[in-house]
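Inside the fold
Read off the chains here:
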Amino acid sequence: MNFTDLFIRRPVLSIVVSMALVIIGLRSFQELTLREYPEIKYPTVAITTVYPGASGDVIQGNVTAPLLAEIAKAEGIDYLESTSNDSISTITAHLYPDHSIDSALLEISSKVDRMRAELPLGTEDPVVEKGSAFLDSVLYMAFNGDSLTESEITEYVRRVVIPQFSTLPGVSSATLAGNREFTMRIWLDADRMAAFDITAGQVSRAIRENNFPGIAGRIKGAFRQFNVTPETNLETVEEFQSLIVKTDNNGIVRLKDVATVEMGPAQSDSLMMEGGKPAVLVRIGASLGANPLDVVDRAYEQLESIEEQLPEGMSVKITFDPTKSIRSSINEVIKTIIEASLIVIVVVFLFLGSPRAVSIPLVTIPLSLIGVCIGIFALGFTLNLLTLLAMVLAIGLVVDDAIVVVENIQRHIEQGQEPMEAAIEGAREIAFPVVAMTLTLAAVYAPIGLIGGLSGALFSEFAFALAGAVVISGIVALTLSPMMCSKILVAGSSERGLAAWLDKNFDWLQQRYRSVLKVTLNAKASILVFVGLVFVALYFLYTAIPEELAPTEDQNVLISVGSGPPNSTIDETMQNLPKLEAQLEQLPEYDSSFVFAGFQSPNTLVSFVMLSNSEERERGIQEVLQAVMMGTSQIPGMRFSAFPFSSFPGAAPDLPIKFVLSSTGSHELVNQIAEQMVGGVMTSGAFVYADSSLKYEMPRVRLEIDRDKASQLGISMAAITEVLAAFLSESDSGTFTINNDSYDIILQVGSKQRDAVRDMLDYHVSTASNMTVPLSTVVNLREEVVPNALTQYQQLNSTTISALMAPGVTIGDGIAIFEDLAAKTLPSGFDYAFLGKSKQFIEEGNKMMFTFMFSFLIIYLVLAAQFESFTDPMIVLISVPLSICGGLVPLAMGYGTINIYTQVGLLTLIGLISKHGILIVDFANKLRESKQLSIPDAVEEAAAVRLRPILMTTAAMVFGVLPLLLATGSGSEARFSIGVVIFFGMSVGTLFTLFVVPTVYTLLARRNRSGSV
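The structure presented is a predicted model; accordingly, all values stated were derived computationally and were not measured.

Moving on: the packing of aromatic side chains. Per the stated rule, a full pass over the model turns up 26 aromatic pairs. Geometrically, the ring pair formed by F320 and F608 is tilted, given 5.7 Å between the ring centres and 45 degrees between the ring planes. Here F320, found in strand 16 (residues 314-320), pairs with F608, found in strand 19 (residues 604-611); they are 288 residues apart in sequence, far enough to count as distant. Judged by relative accessible area, which is 2%, F608 ranks as buried. Taken together, Y140, F320, F594, F596, F608 and F645 form an aromatic cluster joined through their ring pairs. The positively charged end of R946 is found above the aromatic ring belonging to F923, 4.3 Å away from the centroid.

In structure tokens, the structure reads:
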């Protein structure tokens, strides 16, 4: 008894199998988590080391370099970046995606610990932490208040708000930006200190020695004991003011005599503005592996409780919620699933014309979509945009097998057989093609799970979800569908109504097709020439289409980044803020914005610009971006770039091209070559913005010390450094405690005594005779220009050139220009690399091509095993290049680019179009065996008989992806990319298949079906 006979003769068994799929599938669906993309980890470890008062070159040589040398020995590091600024060293270790960040953090921390003893005296302990503030950010909110100071807002948020968010499940961090912490500000008066012969070191030591919290111990008697707590610490402004700094024959000098003491905010070179007012920003970060949607939902719930507790006059506003676009995208895809299902129902009905016949393949849709959830859950996958997109495509696919079964059984019924007999006979005939089509389509996606990298991480879940849905549809087509045919289909149902009209017209179409096919089979040479031309056209089409990693997403958010002169202060940068806001508010699409002033350095402005929904805008995201670039170019003294915010995995939001130039030579030489590269890039006309991160524009004052004279006076180098650090660098002189919280004590000279370079010459330093003399006694000043920062890539001196392409220029074109220019410009000893999105593009560029060829080979082998022939699979697969050509045509016409989504669409076409060839070749082989027909007669009959199911499955697939072509809203660009390839590829490929496959069959088919392969 045939496998299909069992389920036809035992309908209850067939129903039970299907019900089990539904029950287990629904239970699995309930356990699935919802997120935007499959979980992709690009872990980083950041090492930050502070060396107060040290210049960038001192930091580079004494802190960054030794740490880099040791960290580089750790396992799992892809590449290292470092930046050495005045007083601070930052090293970022970028790990391989599959490497454990916890093990890397432990190993790097251990290596850093070993290096601490070798760092210069005065260097603070390095801070080693994991994660990226951009990549894990899921929510931003701003706290402000008209009646509260920034320090008061900061204090409340730090003590009350942050702890509540930090403890939420899935939250990796809750951090502040734009915060102004309370500090004890001690503004030193250099003139009065000189008058009293008091140095900065004396003030600092007096504070440390007289602000010393501690426990003296315990008094313990025979029956009672007491803890002893001496009041050795300072807590109030008055206590600090009364602190004795010096005592001599002239009397007592207190701190208030040489300084102004006040509670005030820590001076900061950064500021956060929301709605034109200063605010304190709270950033919520999600842990690796956490579902960002769940994290944000919990944060919103917690925020409701926080709002109820806010002090009077304080308010909070959500400034940016990246998950809004995630939810919008997911809702759009779910809507697309519903639309595609309705379209497929209508298409199948218009082809079959009988509600009875239509009901059978339509049952396959919910069974397959629900059943595939079992596999998604079992493999540890999630419901995300890509698995949901797989379900959209599956709708047109899963009905194919059932359509073929129903059409074949209906044909037997119309030939006079009873429904039960027709179901058994028809299912037996069609079982092999159904199995072959199912395995073929499933085999297409197997290589995706093996390629690794971003493409593999992104599309493995897509591939397995689609393959799983197809496998389940094949099972349903061979178990439930034949049984339903035996019970539902009746003879004569197609003799009246719509079904009769459709049969009549399909009979006419079939005859017309036979006539054209006869002519085609007699013109084999012309067909072969045509196929050859298509093969040649494939190369020219593919190479003519622009390439990019992924289509630009419109998530209704733009990021604008501006930079001023390197020596700009935060106050000067803030003067440009109203001009920036004025330009942004002129945009018709403008909704709101918030700005980081002093982001990474005091001369930068970073603005997050929220736009109205894309459906409500007349201009696309690229047009708005150009308007922003044009508007901000009118702001004098600053240079702006802009780019769309993107949640695409793996790279932080940034300009698309990040070109790292590295060399064994000096930073000055690197800067010279970088300027040549930037000039060449802009001259190409393909870019609207390009700039190097390394700039020799930072003014610096070098103090040339007369060491002989200093020695004669008994002035040590340490004493000079101590004075300068205390007066100029916001010297940290310990902490004090209020209400069980500790706050910093900061020494600094007043602003009027440090606003000019020559003010330093009037600072006094102690001599061996305990008298003080001005620094001008032993110091001369020399001004020079130095780099804004010393950066390294893979321990080589480097700079990063960031660039934005002009409209119509893709990232592939931009990378090609950079590579060509580098080949012509870079001297010996220089190397380059790409980072961010451009690095991803290069790494993923060839993977899909190899995957395509691998999939083609896998399908060939699967078909060869099924047909027991090496020639039949060649006949089946001849239509693949023809279909690919059809998919490339709209891309070449400007309706898309070669990107990872269109490449997956092209890969999908291999399995889709192969199904048509399988139907024709398998039936032609059976006709030759059963009826002893000649090769031309057999393939002509097979193609004519299979015409209706081929057209029906094609229409179901083509019209099923129509909602992808008409998609709007967040993420529509990706859905369109894959939809346009499948729509045109299937349409053109089917047309070619109906004539090319039969022609090739007559040339390659085995002359003796029982003979050799």
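On to the domain arrangement of the protein. Splitting the protein by domain gives domain 1 (1-31 + 322-495), domain 2 (44-130), domain 3 (182-267 + 698-786), domain 4 (496-544 + 869-1012) and domain 5 (558-644). Each of domain 2 and domain 5 was reduced to a C-alpha centroid, and the two centroids are 33 Å apart.

A few words on helix 21 (residues 667-683). Helical geometry note: an α-helix holds 3.6 residues per turn, so side chains three or four residues apart project in the same direction. Taking 1.5 Å per residue, 17 residues should reach 24 Å; helix 21 reaches 24 Å between its end C-alpha atoms and fits that length. Within helix 21, burial applies to H667, V670, N671, I673, A674, M677, V678 and V681. Immediately beyond the C-terminal end of helix 21, within one or two residues, lies G685, with a positive phi of roughly 80 degrees.

Pairing within the open sheet is antiparallel, and its four strands lie in the order 6-15-5-16. Of all the strands in the sheet, just strand 6 (171-177) and strand 16 have a single pairing partner and so form its edges. For this sheet, the mean angle separating the axes of adjacent strands, direction not counted, is 20 degrees. The pairing of strand 5 (residues 137-145) with strand 16 spans six bridges and is classified as antiparallel. Residue pairing for strand 16: F143 is matched across the bridge by V316. Packed onto the sheet, helix 10 (residues 292-309) meets strand 5, strand 6, strand 15 (280-286) and strand 16 and runs at close to 15 degrees relative to strand 5.

Another point: the nonpolar core. Soluble globular proteins tend to pack their nonpolar side chains together in the buried interior. F459, F462 and F818 are the most contacted members of the largest nonpolar core, which totals 184 residues. Looking at which element gives the most residues to this core, the answer is helix 13 (residues 385-414), with 19 residues. Taken together, domain 1 (1-31 + 322-495) and domain 4 (496-544 + 869-1012) each give at least three residues to this core, which thus spans both. Once you skip the residues sitting within four places of it in the chain, F818 turns out to touch I657, F659, M677, V681, F687, I801, A803 and F834. One finds Y140, L271, L587 and V606 within the second-largest nonpolar core, a separate group that totals 42 residues.

Criteria and cut-off values
Sequence positions are assigned chain by chain, starting from 1 and proceeding in written order. A pLDDT threshold of at least 70 governs which residues receive local features in this predicted model, and a stricter bar of 80 or more applies before side-chain atom pairs are shown or counted, although totals over entire chains, interfaces and linings include all residues. To get the side-chain values, all heavy atoms of the structure are used, and hydrogens and water are removed first. Centre distance within 6.5 Å is the pairing criterion for rings of Phe, Tyr and Trp, where only the six-membered ring of Trp is used; planes under 30 degrees apart are then read as stacked, over 60 as edge-to-face, and the remainder as tilted. For helices the rule is a DSSP run of H or I covering at least 4 residues; for strands it is a run of E covering at least 2, with both sets numbered from the N terminus onward. For each residue, the accessible area found with a 1.4 Å probe, counting protein chains only, is set against the maximum for its type, and the residue is called buried under 20%, exposed over 50%, and partly exposed in between. Only when the NZ of Lys or the CZ of Arg is both within 6 Å of the ring centre and within 35 degrees of the ring normal is a charge said to sit over the ring. What fixes the domain bounds is an automatic or database domain assignment. Working rule for helices: expected span equals 1.5 Å times residues minus one. Whether two strands pair depends on DSSP finding at least two bridges between them. Helix axes are fitted only over the stretch in contact, all axes being lines through C-alpha atoms; the angle between N-to-C directions runs from 0 to 180 degrees. Any pair of residues with heavy atoms lying within 4.5 Å of one another is described as a contacting pair. Only buried Ala, Val, Leu, Ile, Met, Phe, Trp, Tyr and Cys residues count toward a nonpolar core, and they belong to the same one when joined by side-chain atoms within 4.5 Å.

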